[in-house]
Amino acid sequence: MKIKQTLALCGTALLSVGLLASCGTKTSVPAKIDVKSGTYVLESGKTAESGEGWLALNVGIKNTSGSTMNGIYDGSFKLYDSKGNQLSTESVYGNDNSKFKTLQAGNLSPDKTLDGYIAFQVDKGEKYELHFSPMPSGADKKPDDIVVKVDTSKYKDPTKELTTLAQSYVDSVFLGKTGVKSELTNDLTKAHNDFNTLFSKKFPQESEIQDYYTPSQAELGKIVTSFEAENAKRGKVEYGISEMFPDYAVVTVSPTVLKFSDVNADSIMETWENQNEGKFDDYDAAMTAASKYLVQNISQKFANTPTSQPSNMNKGGEKLILTKEKSGKWTVDDKDSDKNYDFKNIQSDFMGGMDNY
């Protein structure tokens, strides 16, 4: 019959354009992959060889298949270099103080999006292909990989920036250098003044001079600034990256500086004793005069004091914590807290090893 023939022709036409085979709102490409951003990261305890880095890509997966996508996880992604070599995702867990979150495993409903970071160890500057392999649904044939081009040269490695920021803080606050340019949000002038105040307070306590003599602020100021100036002139500071995430970083600080235990204070006291032999009958009066003489002359010994690494410095250096603000600028955490105990160590190192607890 003509109607039967017409229906048959119509059915053939529908199949030819895929209207019947693609039930509901399914599409031939089950997902859309978007690399939203990328940055180089470093987890505590890990290292990267020269020219390599841990590239974290912030990817978004939108389900365009019309049905639930099951079993999405970081292993659904693979990275391929120009020679076809496969790189699997690396486990990077971030830090409790960072908002950095890796892609979480799960299922994805139609038209919904799942996003998070996936990390690969790459050669900086090289080009790769990112492959997403969707899980087949039921008895369906496994879908083709969805491929996105990745040019690692487009992504920023903050290592140099973070090192420069840490150096600007150390130079300004602990070494008293002037004219230092810094992009930190910290008020470095105030931070330097606060450090000098702490230094001036600790010196009489640690040297036990305060038991006999109370130095003036001018005398203490001379000691502190002279000590800083000598460290700035002859000291050295090495920097490294211990942790690095988009909003949180730890820079290691390893100073080679003056220690008060190496300052030849004995020669000062010997000179005073030779000049004042037999002049005092009262012990306390003699100790007061000797302590004053030490305060007024100790700065002269700094130039001949050797530099060395602090005796109690943590292996690998002290940890200086930086956090990124909403403005996009970084801040050195110089607050006293349980999560920032290394900062007291840094202060102690640049105060010649004086106890800071």
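Before reading on, note that the structure itself is shown above.
Residues numbered from 1 in each chain as written. Predicted model: local features only at pLDDT ≥ 70, side-chain atom pairs only at ≥ 80, totals over all residues. Heavy atoms only, no water.

So, the sheet that holds strand β9 (residues 146–151)
Note the cut-off: By this definition, two strands are paired if DSSP reports at least two bridges between them. Only DSSP runs of H or I with at least four residues qualify as helices, and only runs of E with at least two residues qualify as strands; both kinds are numbered from the N terminus onward. Throughout, an axis means a line fitted to C-alpha atoms (over the contacting stretch in the case of helices), and angles, computed between N-to-C directions, take values from 0 to 180 degrees.
The antiparallel open sheet is built from 4 strands, whose spatial order is β5-β4-β8-β9. Looking along the sheet, the strands with just one partner apiece sit at the ends: β5 (86–88) and β9. Pairs of neighbouring strands in the sheet enclose a mean axial angle of 30 degrees, with direction left out of account.

Describing unusual backbone geometry
Of note, the phi angle at Asp-111 is positive, near 65 degrees, even though the residue is not glycine. Locating Asp-111 in the fold gives a position in the loop between β6 (106–108) and β7 (113–123). Of note in this structure, Glu-208 is not a glycine but carries a positive phi near 65 degrees.

As for the sheet that holds strand β2 (residues 52–63)
On the basis of which strands lie adjacent, the open sheet formed by 3 strands has the order β1-β2-β7 and antiparallel pairing. With one partner strand each, in any of the chains shown, β1 (31–41) and β7 form the two edges of the open sheet. Across the sheet, the mean angle separating the axes of adjacent strands is 25 degrees when strand polarity is ignored. The pairing of β2 with β7 spans 11 bridges and is classified as antiparallel. By the bridge assignment for β7, Gly-53 is matched with Val-122.

Some points on the nonpolar core
Here is the rule we go by: Residues enter a nonpolar core if they are buried and are Ala, Val, Leu, Ile, Met, Phe, Trp, Tyr or Cys, with the set joined through side-chain atoms within 4.5 Å. With a 1.4 Å probe rolled over the protein chains alone, any residue whose accessible area is under 20% of its type maximum counts as buried; one over 50% counts as exposed, and the rest are partly exposed. The contact criterion used is simple: two residues touch if any of their non-hydrogen atoms lie within 4.5 Å.
Core analysis: the biggest nonpolar cluster contains 82 residues, and Leu-57, Phe-77, Leu-130 and Phe-260 have the highest contact counts within it. Each residue touching Leu-130, except ones within four places of it in the same chain, is listed here: Val-35, Leu-57, Val-59, Phe-77, Lys-78, Leu-79, Ile-118, Phe-120, Ile-146, Val-147, Val-148 and Val-150.

Here's the deal with the packing of aromatic side chains
To be explicit about the condition: Only centres within 6.5 Å qualify two rings of Phe, Tyr or Trp (six-membered ring in Trp) as a pair; their planes then separate them into stacked at under 30 degrees, edge-to-face at over 60, and tilted for everything else.
Across all of its chains, the model carries 17 aromatic pairs by this definition. Centroid distance Phe-195 to Phe-199: 5.9 Å. Interplanar angle 55 degrees. Geometry classified as tilted. Taken as a pair, Phe-195 and Phe-199 lie in helix α3 (residues 188–207) at a separation of 4 residues, close to a single helical turn. Taken together, a centroid distance of 5.6 Å and an interplanar angle of 45 degrees make the contact between Phe-203 and Phe-260 tilted. Taken together, the residues Phe-203 in helix α3 and Phe-260 in the loop between β11 (248–258) and α5 (265–276) connect sequence positions 57 residues apart. Among the residues examined, Phe-260 registers a relative accessible area of 16% and is labelled buried. Clustering of aromatic rings is evident, with ring pairs tying together Tyr-169, Phe-174, Phe-195, Phe-199, Phe-203, Phe-227, Phe-260, Phe-302, Phe-343 and Phe-350.

Some points on the packing of α5 against helix α6 (residues 283–297)
As a reminder, the rule being used: An angle below 35 degrees is treated as roughly parallel, one above 145 as roughly antiparallel, one from 65 to 115 as roughly perpendicular, and anything else as oblique. Should the near helix be turned anticlockwise from the far one by less than a right angle, the crossing is termed left-handed; should it be turned clockwise, right-handed. Think of it as three bins: nonpolar holds Ala, Val, Leu, Ile, Met, Phe, Trp, Tyr, Cys and Pro, charged holds Asp, Glu, Lys and Arg, and polar takes everything else, Gly as well.
The N-to-C vectors of α5 and α6 enclose an angle of 130 degrees; their axes lie 10 Å apart at closest approach. Compared by their axis directions, α5 and α6 come out oblique. Seen from above, α5 lies across α6 with right-handed handedness. On α6, the residues touching Ala-265, Ile-268, Met-269, Thr-271, Trp-272 and Gln-275 of α5 are Ala-286, Ala-289, Ala-290, Tyr-293, Leu-294 and Asn-297. Partitioned by chemical class, the residues of the contact of α5 with α6 number 9 nonpolar, 3 polar and no charged.

Function cannot be inferred from these measures alone, as they are strictly geometric.
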